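Inside the fold
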Amino acid sequence: MIFLKKIFGGINLTWFKLIVMAIIAGVYTALMAMLPIVKDTSFSDLTVTFEVWIFLGIFIIMNSKSPIDSALKCFIFFLISQPLVYLVQDVVNHSNLFNTYYRFWFLWTIACIPMGFIGYYMKKDKWWGLLILIPMLLLTGEMCAGYLSDTMFSFPRHLLTTIFCMGVLIIYPLAIFNNKKIKITGVVISGLLIISIFVACIINPPVYSTDILYNGDNYHFDDSYKVYLIDKKYGDLSVKYEPGIEDWLIHADFKKAGKTEIILESSEGEKIVFDITIKRNTYSIKERK
C-alpha cells in the first residue's frame, strides 16, 4: 500500500519528468504499433484502447500540485505523446497516419484540460471524489470486458491487459483515497464491476460470426451439401441462402481461435477439404490439394 501511495501522490512530477515520460510513452506506443511480433497481443493494446492512458492520466493528476497544474500537465503530456505515436510511424513506414487519425485524438487531448482540472479534486478525499473516479472505472471496465472476451476466444492473447484492467480497478480506490469508507465503497464498486464482467462473458461467450465461402467462388454448393469443422470446439458451420445476393453461402459462428479443417460434402459423398486458421476477427482459408 505504501508503494501505491508513492505512485499516486508521492512523486515530485516536474515538467522535465513529465516531458520525458510523454516522449517515452509516445515512442514506445509507436514501436508496439509497428512490431509484427506483438500484433493482436497485450503489448499492442495501448495503441487502440484507453486503459494504459487512463492510468497515466490518473498518475499525472495525483502527482500534480493544483487543479491548474493538473490540467496543464495532462494536456501537455497528451499533446506530446499522442502526435509522436503517429509521427514515428509516419517516419519509419512513410505513411500518413498523423493526418488520418490525429484529429480524433486531438479532441481527447483538448478534453484533458477539464478532466485534469476536475480530476485533481479526487485528492481532497471526499465522497464526490469517488463520483469523479467512477466514469474512469466504468470506461476501464468496458475495455476489460472486451479484452476478457478476446482472451476467452484466443487464450492467452490479451491476458495481461485483462489482468491489468482488473488490477487497476481495485488499485485506484485503494491508492487515491484515505477515507476508509470511501476506499471500501470504491473497492466494492470495482469488485461488482469485475464480477459483472465475468458473468456477462460467461453468459454471452465470444463468437465471431462471418461468411467464409460463397457459391460460385470456384465452388458450387446448395442446401443439399453438408459443411462442418473437424474439431467442433472451434464453432459451427452452415449452408445458408442469402436473399441479398440470391445465392448460397457458408456461414460460420467461430467460438475459439486456432487451426482446424473444414469439410464441404455433397449428397453423393464427395468432399472438399479446407485448412482454416481462425483468429478473433479474421481468418484465412485454403483448399487442401
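Preceding this section is the structure that the text describes.
In this text the structure is predicted, and so the values were computed from the model without any measurement.

With respect to topology, 3 strands assemble into an open sheet ordered E1-E4-E3, the strand pairing being antiparallel. Of all the strands in the sheet, just strand E1 (208-214) and strand E3 (235-242) have a single pairing partner and so form its edges. Going from strand to strand, the sheet's axes swing by 30 degrees on average, the running direction of each strand aside. Both E1 and strand E4 (residues 247-254) contribute to a ladder of 6 bridges, which runs antiparallel. Within E4, the residue paired with Leu213 across the bridge is Ile250.

Our next topic: the packing of aromatic side chains. For any pair of aromatic rings, geometry is given as the distance between the ring centres together with the angle between the planes. Counted according to the given criterion, the structure contains 19 aromatic pairs. Between Phe55 and Phe164, the ring centres sit 5.9 Å apart and the planes meet at 65 degrees, which makes this aromatic pair edge-to-face. Placement of the pair is Phe55 in helix H3 (residues 51-62) and Phe164 in helix H7 (residues 159-176), with a sequence separation of 109 residues. Judged by its relative accessible area of 27%, Phe164 is partly exposed.

Applying the stated criterion across every chain, the model contains 6 salt bridges. Each of Glu261, Asp275 and Arg288 takes part in salt bridges that share partners, so that together they form one network.

Turning next to a nonpolar patch on the surface. On the surface, Phe16, Val20, Ile24, Tyr28, Phe43, Leu160 and Ile163 cluster together into a nonpolar patch covering about 720 Å² of accessible area. If you list the elements that add at least two residues to the nonpolar patch, you get helix H2 (15-34) and H7. The element contributing the most residues to the nonpolar patch is H2, with 4 residues. Looking at the element boundaries, Phe16 is found in helix H2.

So, on to the nonpolar core. Core analysis: the largest hydrophobic core is formed by 47 residues, its most contacted members being Ile58, Ile60, Phe77, Leu133, Tyr172 and Ile176. Elements with a minimum of two residues in this core: helix H1 (2-7), H2, H3, helix H4 (67-93), helix H5 (97-119), helix H6 (127-153), H7 and helix H8 (180-203). The greatest single-element share of this core, amounting to 8 residues, is contributed by H3. Look past the residues within four positions of Leu133 in its chain and what remains in contact with it is Ile58, Met122, Tyr172, Pro173, Ile176 and Phe177. Counting 20 residues, the second-largest nonpolar core is a separate cluster that includes Tyr208, Leu213, Phe221 and Ile262.

What counts, and at which threshold
- Residues numbered from 1 in each chain as written.
- Predicted model: local features only at pLDDT ≥ 70, side-chain atom pairs only at ≥ 80, totals over all residues.
- Heavy atoms only, no water.
- Pairing = 2+ DSSP bridges.
- Helix = DSSP H or I, 4+ residues; strand = E, 2+ residues; numbered from the N terminus.
- Axes fitted to C-alpha atoms, helices over the stretch in contact; angles between N-to-C directions.
- Phe/Tyr/Trp six-rings, centres within 6.5 Å; stacked < 30°, edge-to-face > 60°.
- Buried < 20%, exposed > 50% of the residue type's maximum accessible area, 1.4 Å probe, protein only.
- Salt bridge = Lys/Arg side-chain N within 4 Å of Asp/Glu carboxyl O.
- Patch = residues over 30% accessible without salt bridge, like charges linked within 9 Å, V, L, I, M, F, W, Y side chains within 5 Å.
- Areas by Shrake-Rupley, 256 points an atom, 1.4 Å probe, with all protein chains shown as cover.
- Core = buried A, V, L, I, M, F, W, Y, C linked by side-chain atoms within 4.5 Å.
- Contact = heavy atoms within 4.5 Å.

Interpretation in functional terms is not warranted from these geometric data alone.
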